[in-house]
Amino acid sequence: MEKIRARLNIGSKAEPVKLRKRKSQLYSKEETCPLDNGVLGVTVFTVAFRLINCFLVQTSFVPDEYWQSLEIAHLMWTAGIRGFSYPLFFAAIYKILHFFTYDAVQLLVWLPRVVQALLSALADIKLYCLIQSLEHSDVAKWTYLCQLCSWFTWYCCTRTLTNTMETTLTTLALYYYPLPGSKTHSSTKYLILVALAVIVRPTALIVWLPLLVYHFWQEDNKLKLITHLCLPIGALTLGISTLIDCIFYGKWTLVQYNFLKFNVFHNVAEFYGSHPWHWYFTQGFVVVIGPHLPFFLYGCTLASKRYRIMLITIVWTVMVYSCLAHKEFRFIYPVLPFCMVFCGESLVNLRTWRRPAACALLVSNLVPALYTGLVHQRGTLDVMGHLQTLCDDRDPSTPPLPEVLFLMPCHSTPFYSHIHCPMKMRFLECPPDLTGDKRYVDEAERFFADPHHWLRTSFPYESMLPTHLVFFDVLEMELSAFLDRNRFMRSREIFHTHVPEGRVGKSVLVYQRH
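Residues numbered from 1 in each chain as written. Predicted model: local features only at pLDDT ≥ 70, side-chain atom pairs only at ≥ 80, totals over all residues. Heavy atoms only, no water.

### As for the overall build of the chain
- Counting its secondary structure elements, the chain contains 22 helices and five strands.
- Across the 514 residues that make up the chain, the buried fraction comes to 49%.
- Across the chain, contacts joining residues at least 24 apart in sequence account for 74% of those joining residues at least 6 apart.
- Carbon together with sulfur atoms contributes 65% to the accessible area of the chain, which is approximately 26,000 Å² in total. (Helix = DSSP H or I, 4+ residues; strand = E, 2+ residues; numbered from the N terminus. Buried < 20%, exposed > 50% of the residue type's maximum accessible area, 1.4 Å probe, protein only. Contact = heavy atoms within 4.5 Å. Areas by Shrake-Rupley, 256 points an atom, 1.4 Å probe, with all protein chains shown as cover.)

### Some points on unusual backbone geometry
- Positive phi is not limited to glycine here, since His-411 has a value of about 60°.
- Residue position: His-411 is located in the loop between strand E1 (403-406) and strand E2 (424-427).
- Owing to a relative accessible area of 17%, His-411 belongs among the buried residues under this scheme.
- The phi dihedral of His-420 falls on the positive side, at around 50°, and the residue is not glycine.
- Structurally, the position occupied by His-420 is in the loop between E1 and E2.
- Among the residues examined, His-420 registers a relative accessible area of 41% and is labelled partly exposed.

### Considerations on the pairing of strand E3 (residues 468-472)
- Within E3, five of the five residues are buried, leaving the element largely enclosed by the surrounding structure.
- What you see with E3 is no split at all: His-468, Val-470 and Phe-472 on one side and Leu-469 and Phe-471 on the other are buried throughout.
- Strand direction decides the pairing type here: E1 and E3, joined by three bridges, are parallel. Note on E3: the bridge partner recorded for Leu-405 is Leu-469.
- Where E3 lies against strand E5 (residues 507-513), five bridges are found, and the strand directions are antiparallel. The residue bridging His-468 from the neighbouring strand is Gln-512, located in E5. (Pairing = 2+ DSSP bridges.)

### Here's the deal with a nonpolar patch on the surface
- On the surface, Ile-96, Phe-99, Phe-100, Tyr-102 and Leu-107 cluster together to form a nonpolar patch covering roughly 580 Å² of accessible area.
- By secondary structure assignment, the location of Ile-96 is in helix H5 (residues 85-99). (Patch = residues over 30% accessible without salt bridge, like charges linked within 9 Å, V, L, I, M, F, W, Y side chains within 5 Å. Salt bridge = Lys/Arg side-chain N within 4 Å of Asp/Glu carboxyl O.)

### A few points about the layout of surface pockets
- Its boundaries defined by the atoms lining it, the second largest pocket holds a volume of some 360 Å³.
- If you trace the second largest pocket, you find 19 residues lining it, with Gln-106, Val-109, Trp-110, Leu-381 and His-418 closest to the centre.
- Only helix H3 (64-67), helix H6 (105-134) and helix H19 (379-392) provide two or more residues apiece to the lining of the second largest pocket. (1 Å grid on protein atoms, 1.4 Å probe; cavity = no way out; pocket = protein on both sides within 12 Å on 5 of 7 lines; lining within 4 Å. Points joined across faces, edges and corners; volume = space filled by probe spheres on them.)

### Things to note about the side chain of Glu-476
- Relative to the elements of secondary structure, Glu-476 occurs in helix H22 (residues 476-485).
- In this structure Glu-476 comes out as buried when scored by relative accessible area, which is 18%.
- At 2.7 Å, the side chain of Glu-476 forms a polar contact with the side chain of Arg-490. (Polar contact = N/O pair within 3.5 Å; in protein donor to acceptor, adjacent residues only side chain to side chain.)

### A few points about the UniProt feature "transmembrane region" (unreviewed entry) in the chain
- Those places that UniProt annotates as "transmembrane region" (unreviewed entry) correspond, in this numbering, to residues 84-102, 190-217, 229-250, 277-300, 307-325 and 331-350.
- Taken end to end, residues 84-102 comprises 79% helix and 0% strand; its first and last C-alpha atoms sit 24 Å apart.
- With 89% helix and 0% strand, residues 190-217 has end C-alpha atoms that lie 17 Å from one another. (UniProt positions renumbered as here; feature names shortened; annotations may be inferred.)

### Describing the packing of aromatic side chains
- On inspection of all chains with the given rule, the structure shows 36 aromatic pairs.
- Aromatic pair Phe-285 and Phe-296: ring centres 5.7 Å apart, planes at 65°, arrangement edge-to-face. With Phe-285 in helix H14 (residues 279-289) and Phe-296 in helix H15 (residues 293-302), this pair connects stretches of sequence that are 11 residues apart. Residue Phe-285 shares its accessibility class with Phe-296, and that shared class is buried.
- Between Phe-415 and Tyr-416 the ring centres are 5.0 Å apart and the planes differ by 75°, which places this aromatic pair in the edge-to-face class. (Phe/Tyr/Trp six-rings, centres within 6.5 Å; stacked < 30°, edge-to-face > 60°.)

### A few points about H5
- Taking 1.5 Å per residue as the helical rise, H5 with its 15 residues ought to reach 21 Å, and the 21 Å between its terminal C-alpha atoms agrees with that figure.
- Among all positions in H5, only Tyr-86, Pro-87, Phe-90, Ile-93, Tyr-94 and Leu-97 are buried. For H5, the arc enclosing every buried residue in end-on projection is 115°, short of the 170-degree limit, so these residues lie on one face. Opposite the buried face of H5, by more than 90 degrees, sit the exposed residues Lys-95, Ile-96 and Phe-99.
- Following H5 by one or two positions, Thr-101 adopts a phi angle in the positive range, close to 55°. (Expected span 1.5 Å × (residues − 1). Arc of directions from axis to C-beta.)

### As for the environment of Glu-462
- Tracing the chain through its elements places Glu-462 in the loop between helix H21 (451-458) and E3.
- When residues no more than four places from it in sequence are discounted, the contact partners of Glu-462 are Asn-486, Arg-487 and Arg-513.
- A polar contact is formed between the side chain of Glu-462 and the side chain of Arg-487, at a distance of 3.0 Å.

### Things to note about the sheet that holds E5
- Ordered by their spatial adjacency, five strands build an open sheet running E2-E1-E3-E5-E4, and the pairing between neighbours is mixed. Two strands bound the open sheet, and with one partner strand each, they are E2 and strand E4 (488-495). Strand-to-strand twist of the sheet, defined as the mean angle between neighbouring strand axes without regard to direction, takes the value 20°.
- Strand contacts of H22: E3, E4 and E5, with the helix running at about 160° to E3, the strand carrying the most contacts. (Axes fitted to C-alpha atoms, helices over the stretch in contact; angles between N-to-C directions.)

### Comments concerning the packing of H5 against H6
- Interhelical geometry of H5 versus H6 gives an angle of 125° and a closest axis separation of 10 Å. The pairing of H5 with H6 is recorded here as oblique in orientation. Like other packed secondary-structure pairs, H5 and H6 cross with a definite hand, here right-handed. The segment H5 lies against H6, with Tyr-86, Phe-89, Phe-90, Ile-93, Tyr-94 and Leu-97 engaging Leu-107, Leu-108, Leu-111, Pro-112, Val-115, Gln-116 and Leu-119.
- A per-class count over the contact of H5 with H6 returns 12 nonpolar, one polar and no charged. (Parallel < 35°, antiparallel > 145°, perpendicular 65-115°, else oblique. Left-handed = near helix turned anticlockwise from the far one by under 90°. Nonpolar A, V, L, I, M, F, W, Y, C, P; charged D, E, K, R; others polar.)

In structure tokens form, the structure reads like this:
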């Protein structure tokens with residue numbers, strides 16, 4: 001009987017049952033993306049991918065890529081429209097290179113872009129981690145694929161544009177934003193990142209306004225959110241930014257106010273071109289999202305309620321920018337990562353067609369990504385590499401360094417950041433009119449209206465002429481008489497684009513005076 005009782009454990013105190021610890025992401029309280037779920041591999045791959053991305057983008061996009069970061073655009077900066085905080089980031093990189101005597105031209109050209117590529121990789125990883133914390137791993141995987149294969153992200157994410165940094169900071173802030181069900185949210189961190197984005201580019205507030213309003217609406221302790229987080233973080237970042245600007249401008253300057261005053265209230269941005277109100281809906285957004293468009297539209301019908309605020313943000317941003325006369329593709333770049341969330345949801349729900357659709361998406365993005373990154377508009381960068389060799393090849397016993405005159409639409413090329421040599425260079429300037437003078441005509445317009453007259457008045461004596469001229473091939477016939485008379489001979493022709501337009505030609509020509 002005792003043996004039976006012992007075997008059945010009757011009358012003895014039962015030991016506590018040990019429960020298996022759940023390892024499911026659903027029950028995880030971690031605020032960061034765990035490395036044991038494949039994120040270490042994702043991190044390594046993403047960094048390698050964006051570095052390859054960086055070196056396979058060898059074309060120019062817009063002048064602001066250089067003239068609002070690596071270079072200083074003259075009148076726009078003296079008027080206090082742009083802040084110095086973002087250029088100071090690159091100045092620090094240059095200073096570090098100079099301190100360690102590694103300030104070679106190639107490092108000066110590529111290191112800022114490599115740093116931006118690494119920041120963009122971090123944003124990609126955070127987007128993946130965010131979706132993995134909100135959804136099952138399949139959604140995170142396909143969202144990550146959509147983000148990496150976006151042709152416009154490939155084209156922009158390694159450039160030194162303020163829009164690129166704005167997009168990077170916006171994506172990082174989204175990771176910490178209190179979306180419903182988010183396990184990674186941190187109001188302090190996301191508000192700091194939003195503040196930095198606004199300092200880099202004040203228009204970042206357009207993207208974040210609906211998100212900030214939504215957070216305020218959902219917050220239980222609204223007074224604490226305002227007094228303990230929003231006001232201190234906003235005041236501190238604005239104060240530091242204003243202090244930096246005042247130091248470099250040498251006077252009291254509030255850049256954010258000047259930016260709104262000139263670009264919105266006085267509509268100075270229209271000086272650089274305007275488009276109809278529907279441009280973003282009919283062309284801009286369609287081009288930026290590219291082959292992802294049908295997946296995005298399908299994903300919008302499938303997405304859960306937690307992503308409704310992201311969809312509202314996308315629509316709001318496109319609508320607000322549509323109200324401004326001056327429009328560019330890059331202005332709506334910050335909402336592109338939001339769109340990828342809906343594209344990922346779309347691919348997951350395609351089920352049997354998922355892999356064929358993903359392959360089609362990859363191939364259809366690969367062509368524009370490689371063409372725009374390696375072929376289209378590369379001449380204005382390649383010519384700077386050619387001009388830099390004029391410094392390297394110069395015999396010390398020869399006369400002073402060459403003098404170069406760029407007869408191109410203003411800011412067509414980068415400047416000393418790609419030369420790193422005390423060569424004298426000049427370009428046609430086109431500062432916007434900040435005085436309201438209706439008769440104002442910038443230097444570039446005066447030149448293209450009558451090139452010969454401008455050259456005669458600018459260089460009345462032959463001894464004043466530069467040693468080299470750089471211009472697009474569309475001007476060659478018109479300048480031929482001037483070139484022959486002053487003994488200029490073509491020394492280099494550099495391919496620029498297959499799609500010449502207006503004052504931008506198919507090739508960039510370099511003429512040298514003999």
